[in-house]
Amino acid sequence: MKSERDGINPAAKPSGTGCVECLALGGWWFHLRRCAECGHIGCCDSSPNQHASKHHAATGHPTIASFEPGERWFYDYRTEESFAGPKLHAPHSHPLDQPVPGPAGAVPSNWQTLLHE
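This write-up is about the structure you can find in this document. Think of each chain on its own: its residues are numbered from 1, step by step along the sequence as written. In keeping with the predicted nature of the model, local features appear solely for residues at pLDDT of at least 70, side-chain atom pairs appear and are counted solely at 80 or more, and the whole-chain, interface and lining totals rest on all residues. Side-chain calculation: all heavy atoms of the structure are included, whereas hydrogens and water are not.

Counting from the N terminus, the helices are the DSSP runs of H or I reaching at least four residues and the strands are the DSSP runs of E reaching at least two. Along the backbone of the protein there are two helices and five strands. A compact globule built from 117 residues would reach a C-alpha radius of gyration of about 13 Å, and the protein, at 14 Å, matches this within 12%. By the burial criterion, 41% of the 117 residues in the protein qualify as buried. Any pair of residues with heavy atoms lying within 4.5 Å of one another is described as a contacting pair. Residue pairs at least 24 apart in sequence account for 57% of intrachain contacts in the protein once pairs closer than 6 positions are excluded. Only the protein chains shown count as cover for residues, and the accessible areas themselves come from Shrake-Rupley with a 1.4 Å probe. When the accessible surface of the protein is summed, it comes to about 6,300 Å², and 53% of that surface belongs to carbon and sulfur atoms. Of the side-chain charges in the protein, 9 are positive and 12 negative, and the distance between the mean point of each set is 7 Å. Only the C-alpha atoms count toward the radius of gyration. The rule for a globule is 2.2 Å times the residue count to the power 0.38. Throughout, exposure labels follow a simple rule: accessible area from a 1.4 Å probe, protein chains only, divided by the maximum for the residue type, with under 20% read as buried, over 50% as exposed, and the rest as partly exposed. This count recognises Lys and Arg as positive and Asp and Glu as negative, with His and chain-terminal groups excluded. Lys charges are placed at NZ, Arg charges at CZ, Asp charges at CG and Glu charges at CD.

Here it is in structure tokens:
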């Protein structure tokens, strides 16, 4: 089932609780983003590897949602605009006890100097 806005599938489940690629590589992230079409969890553009944007570039999936606790915004890569979107399949964020940046044990002590602006 698709929402009225192309590229959003409210039934798609999140792929996990952290960035798929960072976890596979032993890396870390600053904030997490969720693909609103397939549920892929990737790291934000401030993160060293920017996996959410790389997922968009590889798949063409146009919309992400924040996967941070308390944040309910969407972003459309095509229009470069944020907007309020439909409720997606739970969970809506990473676990509250998961640190930011994360994951625990993988974040270097100089992480702030490694962020993209």
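Take a side-chain nitrogen of Lys or Arg and a carboxyl oxygen of Asp or Glu: if they are within 4 Å of each other, that pair is a salt bridge. Tallying each qualifying case throughout the model produces two salt bridges. Ionic pairing is found between R78 and D6, a salt bridge with its closest N-O pair at 3.4 Å. Here the residue R78 occupies a position in the loop between β4 (73–76) and β5 (81–84), and D6 occupies one in the segment before α1 (20–25), the gap between them amounting to 72 residues. Here D76 ties to R78 by a salt bridge, and the two come within 2.8 Å at their closest N and O atoms. Sharing partners across several salt bridges, the network here consists of D6, D76 and R78.

In this section: the packing of aromatic side chains. By convention, a stacked pair of Phe, Tyr or Trp rings (six-membered ring in the case of Trp) has centres within 6.5 Å and planes under 30 degrees apart, an edge-to-face pair has planes over 60 apart, and any other such pair is tilted. Evaluated as defined, the whole model comprises three aromatic pairs. On the basis of an interplanar angle of 25° and a centroid distance of 5.5 Å, the ring pair of F74 and F83 is categorised as stacked.

Two strands are counted as paired when DSSP detects at least two bridges linking them. Across the sheet, which stays open at both edges, the five strands sit in the order β2-β1-β3-β4-β5 with antiparallel pairing between neighbours. The open sheet has two edge strands with one neighbour each: β2 (41–43) and β5. With direction set aside, neighbouring strand axes in the sheet form an average angle of 35°. Lines are fitted to the C-alpha atoms to define the axes, a helix being fitted only along its stretch in contact, and any angle between axes, read from their N-to-C directions, falls within 0 to 180 degrees. Against the sheet, helix α2 (residues 51–59) engages β1 (32–35) and β2, with an angle of about 120° to β2.

Let us now look at α2. Along α2, the residues that are buried comprise H51, A52, S53 and H55. The inward-facing, buried residues of α2 contact α1, β1 and β2. One or two positions beyond α2, positive phi appears at G60, with a value near 80°.

The next thing to look at is unusual backbone geometry. Residue P91 follows A90 across a cis peptide bond; omega there is 0°. One can find P91 in the segment after β5. Here the bond from G102 into P103 is cis, since omega is -5°, no more than 30 degrees from zero. For P103, the location among the structural elements is in the segment after β5. Of note in this structure, Q50 is not a glycine but carries a positive phi near 50°.

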